[in-house]
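Here is what each chain is made of, one letter per residue.
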Amino acid sequence: SVLDADDARSVLVLATGGTICMSRTPDGYAPERGFLRRIVRSYYQLQDPDAPLGYMPVSAYGKRVKYTVTEYDPPLDSCNMLPSNWSRIARDIGDAYDQYDAFVVLHGTDTMAYTAAALSFLLENLTKPVVVTGSQIPLSEPRNDGVDNFLGALTCAGHFVVPEVLIYFNSRLLRGCRARKVDASSLDGFDSPNFPPLGKANVSIDINWHNVRAPSRKPLRVHQTFCSEVGVVTLFPGLPPSALDDQLKNLKGAVLSTFGAGNAPDADLPFMNVIRKATARGVVLVNVTQCIRGVVSPHYATGKVLRDAGVVPGSDITPEAALVKLGFLLGAGHTPDRVRELMARSLRGELTEVDAGGTQFSLHSASFMRAVYNHIREVAGVAVDV
């Protein structure tokens, strides 16, 4: 719901770098140290001219947001972002968690989906919003999308308690571990193909509260460890089994980017032998579709062969979230069998769980509603329908 206290809401802005923080140089756009603090003074939406630095004007909700900017030095192009940087961002949020009401992370768009997914797993038991945003055009350009994205991220973070890691981009609020960069040129660069947006900024900002995860009652737990021995293997017609074997030799986990609804060349016996040998020696393999939308289905024989070989069906998880989740779970020290079990479960809303019969769980399904109905009757001491 909208925050209803009269005092200003405090937001910590972690400016890691990226296009939004870039300015022109002789060699092209590049992150500039101190740029963000200087440029925000130029925009009334971001800085009330009659208030101290970091105070936004009073919003349509009658609230004011005050924000503090921490710029990373050196600022990073997101192509240079590493798991150690994800851990640093998570640690910085954890260190300041009790001092701020919400957090905004300014980030380059190229690997934003990876960072948002990583923060989703590294920050366990969130009760406050963490909104990741950036832009396709730098704030330094007269025409840019950075102002709207930064303003939208600050407004959502400062007015609505959505206790998740989110991406705000082009007027939409997406679950971070469901988002993908889908366009390198359009201002509508991000989408959540298999899950609806959690909010939209129209004339008013509308939050889809029924899709928002409930805040945890446990204290925040910031994880730091991440296994870097993970990778993505993209299948293609004619992939040599020896090449697949080479890719899997030095990995503890891999995302298999498969055809259609999770299919692979099951008739290629050397290929399947590589898969079986990898899972037998403890490599955790997760089956994720190459398609933008859709789910890995157990209904095709070729997909079932992978599952029988020990490959975990990834349901509708994104490749970015699958890779990060693998590294997170392996870094936590779980056994391969435990990692396989957790990869099939939704930990942060990153996937839709599928039962053994291949059915996706839904709160609106007849079987679920019947089970709740029968449980209530049983607790109430009424005869239970069979």
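Procedures and definitions
- Residues numbered from 1 in each chain as written.
- Predicted model: local features only at pLDDT ≥ 70, side-chain atom pairs only at ≥ 80, totals over all residues.
- Heavy atoms only, no water.
- Helix = DSSP H or I, 4+ residues; strand = E, 2+ residues; numbered from the N terminus.
- Expected span 1.5 Å × (residues − 1).
- Buried < 20%, exposed > 50% of the residue type's maximum accessible area, 1.4 Å probe, protein only.
- Arc of directions from axis to C-beta.
- Contact = heavy atoms within 4.5 Å.
- Pairing = 2+ DSSP bridges.
- Right-handed = clockwise from strand over helix to strand, strands pointing away.
- Axes fitted to C-alpha atoms, helices over the stretch in contact; angles between N-to-C directions.
- Core = buried A, V, L, I, M, F, W, Y, C linked by side-chain atoms within 4.5 Å.
- Salt bridge = Lys/Arg side-chain N within 4 Å of Asp/Glu carboxyl O.
- Parallel < 35°, antiparallel > 145°, perpendicular 65-115°, else oblique.
- Left-handed = near helix turned anticlockwise from the far one by under 90°.
- Nonpolar A, V, L, I, M, F, W, Y, C, P; charged D, E, K, R; others polar.

Trainee: Quick question: what am I supposed to make of helix α6 (residues 269-280) here?
Mentor: The α-helix advances 3.6 residues per turn, and as a result positions three or four apart in sequence lie on the same side. With 12 residues, α6 extends 16 Å between its outermost C-alpha atoms, agreeing within 8% with the 16 Å of an ideal straight helix rising 1.5 Å per residue. Along α6, the residues classified as buried are F271, M272, V274, I275, A278 and T279. Buried residues in α6, looked at end-on, bunch into an arc of 155°, giving them a common side. For α6, the exposed residues lying more than 90 degrees away from the buried face are L269, K277 and A280. The secondary structure elements touched by the buried residues of α6 are α5 (241-249), β16 (253-258), β17 (284-289), α7 (301-308) and α9 (336-343). Looking at the residues trailing α6, positive phi occurs at G282, about 100°.

Trainee: What's the story with the pairing of strand β7 (residues 130-133) in this structure? I'm lost.
Mentor: A regular strand carries its side chains on alternate faces of the sheet. Here β7 shows a buried face lined by V130 and V132 and a second buried face lined by V131 and T133. For strand β5 (residues 102-106) and β7, the ladder comprises four bridges, and the chain directions are parallel. Each residue of the ladder has a partner; that of L106, found in β7, is T133. Direction of pairing for β7 relative to strand β8 (residues 165-169): parallel, over a ladder of three bridges. Across the sheet, residue V130 finds its bridge partner in β8, namely V165. Considered for its hand, the β-α-β crossover made up of β7, helix α4 (residues 146-159) and β8 is left-handed.

Trainee: Could you clarify how one ought to interpret the sheet that holds β17 in this entry?
Mentor: The strand order across the open sheet built from four strands is β15-β16-β17-β18, with neighbouring strands paired in parallel fashion. Strand pairing shows two members of the sheet lacking a second neighbour, β15 (230-234) and β18 (312-313), which therefore form its edges. Note that β16 and β17 share six bridges and pair parallel. Across the sheet, residue S257 finds its bridge partner in β17, namely V288. Set on the sheet, helix α8 (residues 319-331) makes contact with β15, β16 and β17; between it and β16 the angle comes to about 165°.

Trainee: How should the nonpolar core be read in this particular structure?
Mentor: Grouped burial of nonpolar side chains is what soluble globular proteins tend to show. Membership of the largest hydrophobic core comes to 53 residues, with the highest contact counts inside it found for I93 and L326. Tallying contributions element by element places α8 first for this core, with eight residues. Excluding its chain neighbours within four sequence positions, the residues that come into contact with I93 are L14, F103, V105, L123 and V130. In this structure, V65, L106, I205 and I207 belong to the second largest nonpolar core, which totals 37 residues.

Trainee: Is there a simple way to think about the pattern of salt bridges in this case?
Mentor: Any two side chains of opposite charge can pair, so long as their charged atoms come close to each other. Inspection of the entire model under this criterion finds 20 salt bridges. Here D48 and R64 are joined by a salt bridge, their closest N and O atoms 3.0 Å apart. With a gap of 16 residues between them, D48 in the loop between α1 (35-39) and β4 (65-76) and R64 in the loop between α1 and β4 connect regions that are remote in the sequence. The partner of R88 in a salt bridge is D92, with the nearest N and O atoms 3.7 Å apart. A residue pair is termed a helical-turn pair when its members lie 3 or 4 positions apart in one helix, as R88 and D92 do in helix α2 (residues 83-95) at four residues.

Trainee: Just checking my understanding: could you explain the environment of P129 for this structure?
Mentor: Note on placement: P129 falls in the loop between β6 (123-124) and β7. When the C-alpha positions of P129 and V162 are compared, they lie 5.2 Å apart, and in sequence the two are 33 residues distant. In this structure, P129 is in contact with D101, A102, F103, A157, F160, V161, V162, P163 and E164, ignoring residues within four places of it in sequence.

Trainee: Whenever I open this one, the packing of helix α3 (residues 112-122) against α8 confuses me. Can you help?
Mentor: Packed helices, taken two at a time, are described by the angle their axes make and the gap between the axes. Relative to each other, α3 and α8 sit at 40°, their axes nearing to 9 Å. With respect to α8, the axis of α3 lies oblique. Every pair of crossing elements has a handedness; the one defined by α3 and α8 is right-handed. In this structure, α3 contributes A113, Y114, A117, A118, F121 and L122 to the contact, and α8 contributes E320, A321, L323, V324, K325 and F328. For the contact of α3 with α8, a count of residues per class yields 10 nonpolar, no polar and two charged.

Trainee: Looking at this structure, how should I read the side chain of S120?
Mentor: Relative to the assigned elements, S120 resides in helix α3. On the basis of relative accessible area, S120 is assigned to the buried category, the value being 5%. Apart from residues no more than four positions distant in its own chain, S120 is found in contact with V165, G176, C177 and R348.

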